[in-house]
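Structural overview
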Amino acid sequence: MKLRDKTIAVLVEDIYEDLELWYPVYRLREEGAEVILVGSEFGKTYTSKHGYPATADRAAKKVEAAEFDAVLIPGGYSPDRMRRDPAMVKLVADAMQAGKIVAAICHGPWMLCSAQALQGRRATSFFSIKDDVTNAGATWVDEEVVCDGNLITSRQPDDLPAFLRAIIDNLSQGTKGT
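Residues numbered from 1 in each chain as written. Predicted model: local features only at pLDDT ≥ 70, side-chain atom pairs only at ≥ 80, totals over all residues. Heavy atoms only, no water.

Overview of the pairing of strand β6 (residues 70–73)
In β6, alternate side chains face the same way, and those of A70 and L72 on one face and V71 and I73 on the other are all buried. Note that β6 and strand β7 (residues 101–105) share 4 bridges and pair parallel. Paired with L72 across the two strands is A103, which belongs to β7. (Buried < 20%, exposed > 50% of the residue type's maximum accessible area, 1.4 Å probe, protein only. Helix = DSSP H or I, 4+ residues; strand = E, 2+ residues; numbered from the N terminus. Pairing = 2+ DSSP bridges.)

See below:
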């Protein structure tokens, strides 16, 4: 249990990609982390692309980046909804600023664009938002996982094993972006 003393926020909003939320939640819990689903509203149940429910444990406006060791942003189309909530964007921006691990997969980097967290970084994403990522100042690369300092990004559900290995390794070693 490499992450016994870690607390991780996993952001949730409607139309999330099922695997990109639940695979990390269970994998991180398996490693001993406390995983908290953070949505725009406390107690609201959000629906995935395929209809699976996820209920927010906390509201973004009631949490601070300092409470977490990492913030994870799943994909699907939920990041487009997340970035409409200033408190969710602030959480991501504050976590980046504080040097916390911030991990985003698939369309998750849309949140990084809105949080102005990509300038001068190397990152990846689902190919269809490559222009958004580069326009936000990142150098986009087509790799299964990209670690740049405290930022970890991946492209799609097939990359989840590498994505979670990078998150777990970085959190358990206390390093940023190996």
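Regarding the environment of A66
Relative to the elements of secondary structure, A66 occurs in the loop between β5 (58–59) and β6. Accessibility expressed as a relative area gives 64% for A66, which makes it exposed. Sequence separation between A66 and L91 is 25 residues; the distance between their C-alpha atoms is 9.4 Å.

A few points about the nonpolar core
One finds L11, V38, I73, V92 and L112 to be the most contacted residues of the largest nonpolar core, which totals 33 residues. Taken together, the elements giving at least two residues each to this core come down to β1 (7–11), β2 (34–39), β6, α3 (86–97), β7 and α4 (109–114). Ranked by residues supplied to this core, first place goes to α3 with 7 residues. Excluding its chain neighbours within four sequence positions, the residues that come into contact with V92 are L11, V71, I73, V102, M111, L112 and A115. Counting residues in each nonpolar core, the second largest holds 30 residues, with L28, A33, L37 and A54 among its members. (Core = buried A, V, L, I, M, F, W, Y, C linked by side-chain atoms within 4.5 Å. Contact = heavy atoms within 4.5 Å.)

Observations regarding the packing of aromatic side chains
For the structure shown, the criterion picks out 3 aromatic pairs. An angle of 25° between the planes, with centres 5.5 Å apart, marks the rings of W22 and Y26 as stacked. Here W22 pairs with Y26, and both are found in helix α1 (residues 18–30), just 4 residues apart, close to one helical turn. For the ring pair W22 and Y52, a centre distance of 5.7 Å and an interplane angle of 85° mean the geometry is edge-to-face. Residue W22 is located in helix α1, and its partner Y52 is located in the loop between β3 (45–47) and β4 (53–55); the two are separated by 30 residues in the primary sequence. On the basis of relative accessible area, W22 is assigned to the buried category, the value being 15%. Among the aromatic residues, those joined into a cluster by ring pairs are W22, Y26 and Y52. (Phe/Tyr/Trp six-rings, centres within 6.5 Å; stacked < 30°, edge-to-face > 60°.)

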